[in-house]
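Listed below, chain by chain, are the residues.
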Amino acid sequence: MKLKSILCIAVITVFMLSCKNDTVEKVKVTVEAKEEVAFNYNVEQFADIKVLRYQIPGWENLTLKEQKLVYYLTEAGLVGRDIMWDQNYRHNLKIRKALEHVYTNYSGDKNSDNWIAFETYLKRVWFSNGIHHHYSNAKLVPEFTSDYLKQILTDTNTKLEGEAFDVIFNDADSKKVNQAKDIDNVLLSAVNFYGSDVTNADVEEFYGKMKSPNPDKPLSYGLNSQLVNENGELKERVYKSGGLYGSAIDEIIIWLEKAQSVAENAAQGDALRLLIKYYRTGDLQTWDDYNVAWTAATDGNIDYINSFIEVYNDPLGYRGSYENIVQIKDFDMSKKMAVLSENAQWFEDNSPLMDAHKKANVVGVTYKVVNVAGEAGDASPSTPIGVNLPNANWIRASVGSKSVSLGNIIGAYNNAGSSGRLKEFVNDDIEYELEEKYGQIADKLHTALHEVIGHASGQLNPGVGETKETLKNYASTLEEGSADLVGLYYLYDSKIQELGLVEDWKKIGMAAYDGYIRNGLMTQLIRLNLGDDVEEAHMRNRQWVSAWVFEKGAKDNVIEKITRDGKTYFNINDYDKLHEIFGQLLRETQRIKSEGDFVAVEALVEDYGVKVDQAIHAEILERNKQFTSAPYSGFVNPVLVPETNDAGEITTIKVTQPETYSGQMLDYSTNYSFLPEVN
Ligand SMILES: [Zn+2]
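Keep in mind that this is a model prediction, so the values were computed, not measured.

**Some points on the overall build of the protein chain**
At step 1: The secondary structure content of the protein chain amounts to 26 helices and 15 strands.
At step 2: In terms of overall size, the protein chain behaves like a compact globule, its C-alpha atoms giving a radius of gyration of 26 Å where 679 residues would be expected to give roughly 26 Å.
At step 3: C-alpha atoms of the protein chain, sized along the principal axes, occupy 80 × 65 × 60 Å.
At step 4: If you take every contact in the protein chain between residues at least 6 apart in sequence, the share linking residues at least 24 apart comes to 72%.
At step 5: Counting 69 positive and 100 negative side-chain charges, the protein chain places the centres of these two groups 1 Å from one another.

**Details of helix 22 (residues 537–552)**
At step 1: Taking 1.5 Å as the rise per residue, helix 22 with 16 residues should run 22 Å; its terminal C-alpha atoms sit 22 Å apart, in good agreement.
At step 2: The buried count for helix 22 comes to 13 of 16 residues, which makes it a mostly enclosed element.

**Let's talk about a negative patch on the surface**
At step 1: Side chains of Glu551, Glu602, Glu606 and Asp607 sit close together on the surface and give a patch of like negative charge.
At step 2: The element that contributes the greatest number of residues to the negative patch is helix 24 (residues 598–610), accounting for three residues.
At step 3: The residue glutamate 602 is located in helix 24 in this model.

**Observations regarding the confidence of the model for the protein chain**
At step 1: When pLDDT is averaged along the protein chain, the result is 92; 94% of the residues meet or exceed 70.
At step 2: For the stretch residues 5–37, pLDDT sits under 50, and the model shows 143 contacts to residues farther than four places along the chain or on other chains.

**Here's the deal with the packing of helix 19 (residues 475–491) against helix 23 (residues 575–595)**
At step 1: Running from N to C, helix 19 and helix 23 point in directions that differ by 145°, and their axes come no closer than 9 Å. For the element pair helix 19 and helix 23, the recorded crossing hand is left-handed. Where helix 19 approaches helix 23, its residues Leu478, Glu479, Ser482, Leu485, Val486, Leu488 and Tyr489 are matched on the opposing element by His579, Phe582, Gly583, Leu585, Leu586, Thr589, Ile592 and Lys593.
At step 2: Of the residues assigned to the contact of helix 19 with helix 23, the class counts are nine nonpolar, four polar and two charged.

**Section: the pattern of salt bridges**
At step 1: According to the stated counting rule, one finds 33 salt bridges in the structure shown.
At step 2: Notably, a salt bridge pairs aspartate 173 with arginine 90, separated by 3.2 Å at the nearest N-O pair. Taken together, the positions of aspartate 173 in the loop between helix 7 (163–166) and helix 8 (200–208) and arginine 90 in the loop between helix 3 (81–88) and helix 4 (92–105) put the pair 83 residues apart, joining distant regions of the chain.
At step 3: A salt bridge links lysine 567 to glutamate 424; the nearest nitrogen and oxygen atoms lie 3.1 Å apart. With lysine 567 in strand 12 (residues 567–572) and glutamate 424 in helix 16 (residues 419–425), this pair connects stretches of sequence that are 143 residues apart.
At step 4: Classification of glutamate 424 as buried rests on a relative accessible area of 11%.
At step 5: Each of the salt bridges in this network shares a partner with another, and the network as a whole consists of Asp330, Asp332, Lys336 and Lys444.

**Examining the pairing of strand 8 (residues 369–377)**
At step 1: For strand 8, the tally of buried residues reaches nine of nine residues, placing the bulk of the element in the interior.
At step 2: As paired elements, strand 7 (residues 322–329) and strand 8 share seven bridges and run antiparallel to each other. Directly across from asparagine 324, in strand 8, lies its bridge partner alanine 376.

**Some remarks on helix 8**
At step 1: Turning to helix 8, its buried residues are Asn200, Asp202, Val203, Phe206 and Tyr207. Along helix 8, the residues classed as buried sweep out an arc of 165° about the axis, all on the same side.
At step 2: The inward-facing, buried residues of helix 8 abut strand 4 (225–230) and strand 5 (233–238).

**Considerations on the sheet that holds strand 13 (residues 632–635)**
At step 1: Taken together, the three strands give an open sheet; going across it, the order is 2-3-13, and neighbouring strands pair in mixed fashion. What marks the edges here is a single partner per strand, and that holds for strand 2 (42–46) and strand 13. Strand-to-strand twist across the sheet, computed as the mean angle between neighbouring axes with direction ignored, equals 20°.
At step 2: Sheet strands touched by helix 15 (residues 407–415): strand 3 (49–52) and strand 13. Its angle to strand 13, the strand with the most contacts, is close to 130°.

**Some words on the packing of aromatic side chains**
At step 1: Tallied over the full model, the rule gives 38 aromatic pairs.
At step 2: An angle of 75° between the planes, with centres 5.7 Å apart, marks the rings of tyrosine 54 and phenylalanine 635 as edge-to-face. With tyrosine 54 in the loop between strand 3 and helix 2 (64–78) and phenylalanine 635 in strand 13, this pair connects stretches of sequence that are 581 residues apart.
At step 3: Given a relative accessible area of 0%, tyrosine 54 falls into the buried group.

**Some remarks on the environment of alanine 297**
At step 1: When you line up the elements, alanine 297 lands in the loop between helix 11 (284–296) and strand 6 (302–308).
At step 2: C-alpha separation for the pair alanine 297 and asparagine 265, spaced 32 residues apart in sequence, amounts to 8.7 Å.
At step 3: Those residues in contact with alanine 297 that sit more than four places away from it in its chain are Ala267, Gln268, Asp303 and Lys402.

Cut-offs used in this document
Residues numbered from 1 in each chain as written. Predicted model: local features only at pLDDT ≥ 70, side-chain atom pairs only at ≥ 80, totals over all residues. Heavy atoms only, no water. Helix = DSSP H or I, 4+ residues; strand = E, 2+ residues; numbered from the N terminus. Rg over C-alpha atoms; globule rule 2.2 N^0.38 Å. Contact = heavy atoms within 4.5 Å. Lys, Arg positive; Asp, Glu negative; His and termini not counted. Charge placed at Lys NZ, Arg CZ, Asp CG, Glu CD. Expected span 1.5 Å × (residues − 1). Buried < 20%, exposed > 50% of the residue type's maximum accessible area, 1.4 Å probe, protein only. Patch = residues over 30% accessible without salt bridge, like charges linked within 9 Å, V, L, I, M, F, W, Y side chains within 5 Å. Areas by Shrake-Rupley, 256 points an atom, 1.4 Å probe, with all protein chains shown as cover. Salt bridge = Lys/Arg side-chain N within 4 Å of Asp/Glu carboxyl O. pLDDT = per-residue confidence, 0-100. Axes fitted to C-alpha atoms, helices over the stretch in contact; angles between N-to-C directions. Left-handed = near helix turned anticlockwise from the far one by under 90°. Nonpolar A, V, L, I, M, F, W, Y, C, P; charged D, E, K, R; others polar. Pairing = 2+ DSSP bridges. Arc of directions from axis to C-beta. Phe/Tyr/Trp six-rings, centres within 6.5 Å; stacked < 30°, edge-to-face > 60°.

Shown next, in the form of structure tokens:
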């Protein structure tokens, strides 16, 4: 399962797998701006797309052997890149090659509207790994004419004709994945998982006959093949060495073998061995064996996802799209979470909860953050922000699963905004500087506290049912709110400095409180249309937490609502007092959970978390208008450059960043094309 969703957007963002439901596209907008100091996250923007860069934090901390492992796994991903293109649509590779040939050879007028439209179209095609939009699945519509394309094809001596040319302009194959009701989804989806005459009924009949040898451990039939009709007979063309995509798969195997030779431990090496065997044979039992081994291989600093994984691109959900994500442990975040986890009992004992609601033996929740070192296929340029695998339910039930947040990807999203938006909504320079200097550390620590301590805290009274029974539809917003409150309470506490987590707890706490209130009472509203209620659980909890403490502190002017030049700001006058009020609300939310008090949770959420002040909302939207940007984001990848000695051995591997998006796309096509145009 890939999580295009961010959960638990605690302060300004955050990344949590335990809580769900915000799309990445939305995240972009929630994110508050931060000044770019050294690293430039923004590459370019075109059509509805924004292309960003990400860094690989902790790269220098890896041993050479670990760096090699990352490098080999990254290459293993890239050599399979074209598989995704061909899976998406049967003419994609042919079209891409022709368009790239034109792009690199054309010497005519590059300032004309037609050329600019052509260039934009190619960038969109690159972004989508084909001619259908990566998100909507609709075929991309070029803003140049077919005559113009014919002309520049001729000018550059490029061949593209017949169906592959016509389809750029006509109505054929208009949807990559067509999920409409009451139609033949297989027949009417352009995705290349099925022969063009294969129907829903064919697929159902073909797989209906398949019986797994062990019904308790059903094989993933159809995951790694194309189903075609050959002379009236349905046949699978299996993705494997010697089979469909074999020439690219052989390259993948070469790099996976190198990776296996530098595996960090036996379990990881064994998993890689099984993955190689799977690529050689296409055998689905081996696929399951591999997944069991991969799921169990949890030690080590490096991990990866590689193969035909997610089935969203198949209207019937059988076939996996080629994907690669290479991950390095987030050492910094892991250390922080380990410290919190070791001290979980202290946090529980010292929290403002009523004694009866505290756990006598609390265990910190395990939560994993990794940093991405490279992505390919289905995961690039548009990427998930978290992944939870394997997909086979029986393996998840019997062996478990790996769930990770992609920390540096989320960080890059958060940093790519303009600093203008932050300036627009802060009350004064002090608030701006605190956010600039401490905002990120505060966010990260809030996430860690929210997950490790917050979700572990508190207990139900004897005889009270689970919150999903007692608090019903309000259970999740209350859970998220109280986890946020645990974080807020301890972010402004000298304990976090004593534990070595921060250098100046007061500044961290102030930045965190400013950011939370600013977001909860104002900036998150930019994600809603005027007139809408707040529906999403995390947005709700950020609002009810903020609005409740604002009201409670009103008589002491703890948080002041300021109007200046017709614009609203919220200024925190008394951080100590706000800390105390957060504690009171935390105590109350835990009481509600512990007692299963539905009436109280309903009042809390409905009174503070759902309705939006229309005047402020209209004002926020107006103030935000100047900052709107493309709705979809994706990434170029850092480039890993090995240096070798005279004997050809790798001595060091450097991380560089691509200068331009088109440069990286062309490099990929030049260096990682291992498939013919027609497969
Ligand atoms: Zn959460």
